[in-house]
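Below are the chains, spelled out letter by letter.
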Protein chains: 2
Amino acid sequence: MEFFKVVSPEEAKEALRGFRALGTERLSSFGAAGRVLAEDVHSPVDLPDFPRATMDGYALKAADSFGASEAIPAYLDVVGQVPMGAAPDFSVGRGEAARILTGGMVPEGADAVVMEEFTTAPDPETLEVRRPAAVGENVLGVGDDLKKDELILGAGARLRSQDVGALAGVGVTSVEVHRRPRVAILPTGDELVDPRETPRAGQVRDINRFSLAAGVLEAGGEPETEDILPDDLAVIKERLEQAIRHADVVLISGGSSMGLRDYTVEAIDSLGEPGVLVHGISIKPGKPTIIGRIERDGEDKAVIGIPGHPVSALMIFHAFVRPVIRQLSGEVARTDVEREGLAATLSRNVASAPGREDLVRVALEEDENGRLAHPLMGNSAMISTMTKADGYIVIPLEAEGLREGAQVRVHLY
Amino acid sequence: MEFFKVVSPEEAKEALRGFRALGTERLSSFGAAGRVLAEDVHSPVDLPDFPRATMDGYALKAADSFGASEAIPAYLDVVGQVPMGAAPDFSVGRGEAARILTGGMVPEGADAVVMEEFTTAPDPETLEVRRPAAVGENVLGVGDDLKKDELILGAGARLRSQDVGALAGVGVTSVEVHRRPRVAILPTGDELVDPRETPRAGQVRDINRFSLAAGVLEAGGEPETEDILPDDLAVIKERLEQAIRHADVVLISGGSSMGLRDYTVEAIDSLGEPGVLVHGISIKPGKPTIIGRIERDGEDKAVIGIPGHPVSALMIFHAFVRPVIRQLSGEVARTDVEREGLAATLSRNVASAPGREDLVRVALEEDENGRLAHPLMGNSAMISTMTKADGYIVIPLEAEGLREGAQVRVHLY
């Protein structure tokens, strides 16, 4: 019988925390959409770099509109129209106004823009203003949006559409981002066949290669899948050695044959130092997970032995591998939902053994009382419970279960 | 002065609901990760198609273990070991047991698997069982996970890692998915320059082309960007006509020059029937939004005039265009968070004008009292408020604002 000393999920996470963010590359800001910044980005310019109108209307001196009302409008001389995309070649003096559109440059002398709807132009040279404008109203001053040298985005931010827009707006056309982690996936198991084949009795179609690769894509990594490996120590050592040369993370999805877990441990240890750090985690599903770290060419590579069972494999992927991929990507989670999951109320009792952390798949439902998390019990071996689930909850190590009505955090898939 | 009849946000959404999901294509199941199913997928086989062990241990007749305890173990004859990936060439009779590993085929005659840790093997042919096993324990029966013809995933599901895994597991190697919507982005505006250029006085760098393209990618569409168009009706008509031939959605991001909104309306109407449906929405930001529908070659194309202002452009994108892209993709939202946003408590009063829906950007923070949504006030023209925001809340048409402590739903970016 094999023996391994299981560690707590917290100790396993600790072993994974040692991996640092990967090196960087310079990309065009648009090409960096969805990637993670490796540098703080400061604005090289004031934005805007001229006073801009934020509404269609008339630029004027605010003082000229003070006291204006429906009953007693102010009357001003229209001295011109601000062209789009160019500086106006006139200024606005006392008693004067200029037609201006959103985005136009507020002429010298003017300090406010009165909205079109509060004005009438009885003739092209006269403006009737029916409401006072405050100084600075409907004007975005120089640097009001972003000042020169102001921080726009910090290292660790995954670039969203508005972030890409802000970079374009200040002329930052390229940024330093972290490399996407390359994740090699090695499925092993004498019982596995390619999904295109019809399995014979006792054989099953390989699931992990595809579900793990899709998971890597979802987490922002680049998956590289291998063909199914036989349960053969020499072959496994050789393929692991090949994979670790170019991958940042190697996932070896274990078959189930007697010696394979020991093979995996031996093969990982043969790759270099420090080797296997964790061999077994007090978690369900996923107890026989192996975590190794190998130093190669000055870089730490993560080699993770994933249980062969498809449900265990994906749960361990979500709970341990996905966070590592994000960590290697340099990503800092933006919201508490990303960090801790979505709050929900448990819809019924779930039992658990103390001394073991349970990852329980749940489906979410919203009713008038809030968000419910329905535990999907079934057999934990069923992949169909994964397709029905929206996420999972964690029943802590020391708990004997959670009661109906308990407040839980759902980690979304 | 231009005039347009604004409609309510609900009417604008109604105008967009008419667009049907796009045509389909057949992809390998792995290649379809992240895409939306256009068909219900049923399992072509029972999964598993043989009784599988879900634990390492011994296959036996449960009845032979009844009454077994630490004090009085049951003793059985070990008749063999189940090979991985093949049917055992023996059966298990009364008083017999066979070594089996997770995923192995339970031999004929056996109806349970007792876990390794509750057994001892004093010699290779004898097994001591210290705990009773129930019938079916640690065995996944034929079809227990998925029965032949059972629904695995319904049309409208965006394929996640576990979904791809389930398809592989039952040998569904290709699926019918909706085409990704092609979204053409036409930036217009005499004041715009490419972000690589240094703007002269009155000019600004083009933001929308990049932020909208990144937004399209986030929503699962394929962006196609054009160079900046001048504010010239003939050119705009020609480029719109070219774009509509191959794109499913055309976004024309309006400049600000006097006649351009009318140009856009005229140009959209010139493309075909029914033409412009909405010209102005009672919403802030984004009032001058234009929604058109053009029938071309039997397909309805959405042509949307997006306000030129970068913040308005992105807000309208998130509130109106992103839902259309998902609708064209055939996607059915899985969770209430996707449909309605994330619940939070407003951290301070926000004023609004009745008769107008306000989209207010918020930053999320979690403290001991729950999740707070901090309104990012600043000037609504500031792109920097978008980079600081995690999402936005909607202040309804009829409301005069929302009070500190109000329960809100945050639509995440």
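Look up a bit, the structure's there.
In this text, all values refer to a predicted model and were calculated from it rather than measured experimentally. (Residues numbered from 1 in each chain as written. Chains lettered and ligands numbered in written order. Predicted model: local features only at pLDDT ≥ 70, side-chain atom pairs only at ≥ 80, totals over all residues. Heavy atoms only, no water.)

## Details of the pairing of strand S28 (residues 407-412) of chain A
Residue and element names in this part refer to chain A. What counts is decided by this rule: Strand pairing is defined by DSSP finding a minimum of two bridges between the two strands. For helices the rule is a DSSP run of H or I covering at least 4 residues; for strands it is a run of E covering at least 2, with both sets numbered from the N terminus onward.
Across 4 bridges, strand S22 (residues 342-346) lies against S28 in antiparallel orientation. Across the sheet, the residue bridging to threonine 345 is glutamine 407, located in S28. The sheet contact formed by strand S26 (residues 391-395) and S28 spans 2 bridges and is antiparallel. Note that in S28 the partner of glycine 391 across the bridge is leucine 412.

## What to know about the sheet that holds strand S17 (residues 249-253) of chain B
Residues and elements named next belong to chain B. Which entries qualify depends on this criterion: Inter-axis angles, ranging from 0 to 180 degrees, are taken between N-to-C directions of lines fitted to C-alpha atoms, where helices are fitted over the stretch in contact.
With respect to topology, 6 strands assemble into an open sheet ordered S16-S13-S17-S21-S20-S18, the strand pairing being mixed. Every interior strand has two partners, whereas the edge strands, strand S16 (222-225) and strand S18 (274-279), have only one. If you compare each strand with its neighbour and ignore which way they point, the axes differ by 20 degrees on average. Pairing between strand S13 (residues 182-187) and S16: 4 bridges, direction parallel. Its bridge partner being in S16, isoleucine 185 is matched across the sheet by threonine 225.

## Section: the environment of valine 45 of chain B
Applicable threshold: The criterion used for residue contact is that any of the two residues' heavy atoms lie within 4.5 Å.
You can see valine 45 of chain B is positioned in the loop between strand S2 (41-42) and strand S3 (52-53). A sequence separation of 221 residues divides valine 45 of chain B from glutamate 266 of chain B, and the C-alpha atoms of the two residues are 57 Å apart. Leaving out residues up to four positions away in the same chain, valine 45 of chain B has contacts with Arg205 of chain A together with Leu146, Lys147, Lys148 and Val170 of chain B.

## With respect to the sheet that holds strand S9 (residues 126-129) of chain A
All names here are of chain A. Reading across from one edge, S7-S4-S6-S5-S9-S8 is the order of the 6 strands in this open sheet, with mixed pairing throughout. Strands with a single pairing partner mark the edges of an open sheet, and in this sheet they are strand S7 (112-115) and strand S8 (119-123). Adjacent strand axes in the sheet meet at a mean angle of 40 degrees when their direction is disregarded. Here 4 bridges tie strand S5 (residues 74-81) to strand S6 (residues 96-100), and the two strands are oriented parallel to one another. From the neighbouring strand, valine 78 faces S6, where its bridge partner is alanine 97.

## Let's talk about the packing of aromatic side chains
Residues and elements named next belong to chain A. What counts is decided by this rule: Only the six-membered ring of Trp is used, alongside the rings of Phe and Tyr, when aromatic pairs are assigned; centres must lie within 6.5 Å, and planes under 30 degrees apart are stacked while those over 60 apart are edge-to-face, with the rest tilted. We call a residue buried when its accessible area falls under 20% of the maximum for its residue type, exposed when it is over 50%, and partly exposed in between, using a 1.4 Å probe and counting protein chains only.
Applying the stated criterion across every chain, the model contains 4 aromatic pairs over all chains. The interplanar angle of 40 degrees and the centroid separation of 6.0 Å between the aromatic rings of tyrosine 392 and tyrosine 413 together place this pair among those described as tilted. Linking tyrosine 392 in strand S26 with tyrosine 413 in the segment after S28, this pair joins segments that are 21 residues apart in sequence. Just as tyrosine 392 is buried, tyrosine 413 falls in that class too.

## A look at the packing of helix H1 (residues 9-17) of chain A against helix H6 (residues 310-328) of chain A
All names here are of chain A. Let me state the cut-off plainly: Roughly parallel here means an angle under 35 degrees, roughly antiparallel means over 145, roughly perpendicular means 65 to 115, and every remaining angle is called oblique. The crossing is said to be left-handed when, going from far helix to near helix, the turn is anticlockwise and less than a right angle, and right-handed when the turn is clockwise. Gly is put with the polar residues, along with every residue not named as nonpolar or charged; the nonpolar set is Ala, Val, Leu, Ile, Met, Phe, Trp, Tyr, Cys and Pro, and the charged set is Asp, Glu, Lys and Arg.
It is at 10 Å that the axes of H1 and H6 come closest, and there the two elements cross at 25 degrees. The orientation of H1 with respect to H6, classified from their angle, is roughly parallel. By crossing handedness, the relation of H1 to H6 is classed as right-handed. Two secondary-structure elements touch here, H1 through Pro9, Ala12, Lys13, Leu16 and Arg17 and H6 through Ala319, Phe320, Val324 and Gln327. Of the residues contributing to the contact of H1 with H6, the split by class is 6 nonpolar, 1 polar and 2 charged.

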